[in-house]
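Below are the chains, spelled out letter by letter.
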Amino acid sequence: MEADSIPHQIMHGFTQLLLEGKLEQWLNLYTSEAIFEFPYAPAGYPQKLEGKAELANHVHNLLGMIEIQQFSEPVILADSTKQQFVAEFTCTGRSLVTGKPYNQTYISVVSHKNGKITHYKDYWNPMIVIESDLGGSKHE
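Conventions and cut-offs
- Residues numbered from 1 in each chain as written.
- Predicted model: local features only at pLDDT ≥ 70, side-chain atom pairs only at ≥ 80, totals over all residues.
- Heavy atoms only, no water.
- Core = buried A, V, L, I, M, F, W, Y, C linked by side-chain atoms within 4.5 Å.
- Buried < 20%, exposed > 50% of the residue type's maximum accessible area, 1.4 Å probe, protein only.
- Helix = DSSP H or I, 4+ residues; strand = E, 2+ residues; numbered from the N terminus.
- Contact = heavy atoms within 4.5 Å.
- Salt bridge = Lys/Arg side-chain N within 4 Å of Asp/Glu carboxyl O.
- Expected span 1.5 Å × (residues − 1).
- Lys, Arg positive; Asp, Glu negative; His and termini not counted.
- Polar contact = N/O pair within 3.5 Å; in protein donor to acceptor, adjacent residues only side chain to side chain.

Undergrad: Teacher, can you tell me more about the nonpolar core here?
TA: Generally speaking, soluble globular proteins have nonpolar side chains that are buried together. Grouped together as the largest cluster of nonpolar side chains are 36 residues, with contacts concentrated most on Phe14, Trp26, Tyr30 and Tyr120. A total of six residues in this core trace back to one element, the largest contributor, which is helix H1 (residues 5–19). Ignoring any residue separated from it by four or fewer positions in sequence, one finds Phe14 in contact with Trp26, Leu29, Tyr30, Phe36, Phe89 and Tyr120.

Undergrad: Would you mind going over the pattern of salt bridges with me for this structure?
TA: If charged atoms from side chains of opposite charge come close, those side chains can pair. A full pass over the atoms with the stated rule returns two salt bridges. A salt bridge links Lys22 to Glu20; the nearest nitrogen and oxygen atoms lie 3.1 Å apart. Since its relative accessible area comes to 35%, Lys22 is described here as partly exposed. Accessibility expressed as a relative area gives 44% for Glu20, which makes it partly exposed. For the salt bridge of Glu67 with Arg94, the shortest nitrogen-to-oxygen distance reads 2.9 Å. Highlighted residues: Glu67 in strand S3 (residues 66–71) and Arg94 in strand S5 (residues 84–95), separated in sequence by 27 residues.

Undergrad: Quick question: what am I supposed to make of the environment of Gly99 here?
TA: Looking at the element boundaries, Gly99 is found in the loop between S5 and strand S6 (104–113). With relative accessibility at 42%, the residue Gly99 sits in the partly exposed group. Considering only alpha carbons, one finds Gly99 and His112, 13 residues apart in sequence, at a separation of 35 Å.

Undergrad: What is the right way to read H1 from this model?
TA: In this model H1 runs 21 Å from its N-terminal to its C-terminal C-alpha over 15 residues, within 8% of the 21 Å that 1.5 Å per residue would give. Regarding H1, the residues found buried are Ile6, Pro7, Ile10, Met11, Gly13, Phe14, Thr15, Leu17 and Leu18. One or two residues past the end of H1 sits Gly21, with phi positive at roughly 70°.

Undergrad: When you look at the side chain of Glu37 in this model, what are you seeing that I'm missing?
TA: Assignment of secondary structure puts Glu37 in strand S1 (residues 30–37). Buried charge Glu37 goes without a salt bridge, the closest partner of opposite sign being Lys121 at 4.5 Å. Once you skip the residues sitting within four places of it in the chain, Glu37 turns out to touch Gln47, Lys48, His119, Tyr120, Lys121 and Asp122.

Undergrad: Sorry, what's going on with the side chain of Gln104 here?
TA: Of note, Gln104 is situated in strand S6. Residue classification places Gln104 among the buried positions, given a relative accessible area of 1%. Side-chain polar atoms of Gln104 contact the side chain of Tyr102, separated by 3.2 Å. Each residue touching Gln104, except ones within four places of it in the same chain, is listed here: Phe89, Thr90, Cys91, Trp124, Asn125, Ile128 and Val129.

That is the geometry; function is a separate question.
In structure tokens:
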């Protein structure tokens, strides 16, 4: 496997498996001790998940709150010497809580080793989360 293709394979799996709701296969993209961070998370939302169990719980809850209908093809800037890449992409979807649109833009900084994600920093727009009212009446 070419080093340059690893980021594309990771992101293809990341987006497709989430769209298909294949949580177990999606979790296999990560090392067991992977860290997933949300630097822009608003108050009341997680800022850091450590390990597959925390990640599984979070994504299971998230998929109960939003329906992602599609992801854009990610633009990837990779540094194979550092085993790290940046991916910029969007999603369209809706809140299952309120029915409001959930159209998000992501910039993700991803570190990987042996084809698995070790650290994922998810820079998404917190205003979209607030506007889609994912927490129901919590933001009213």
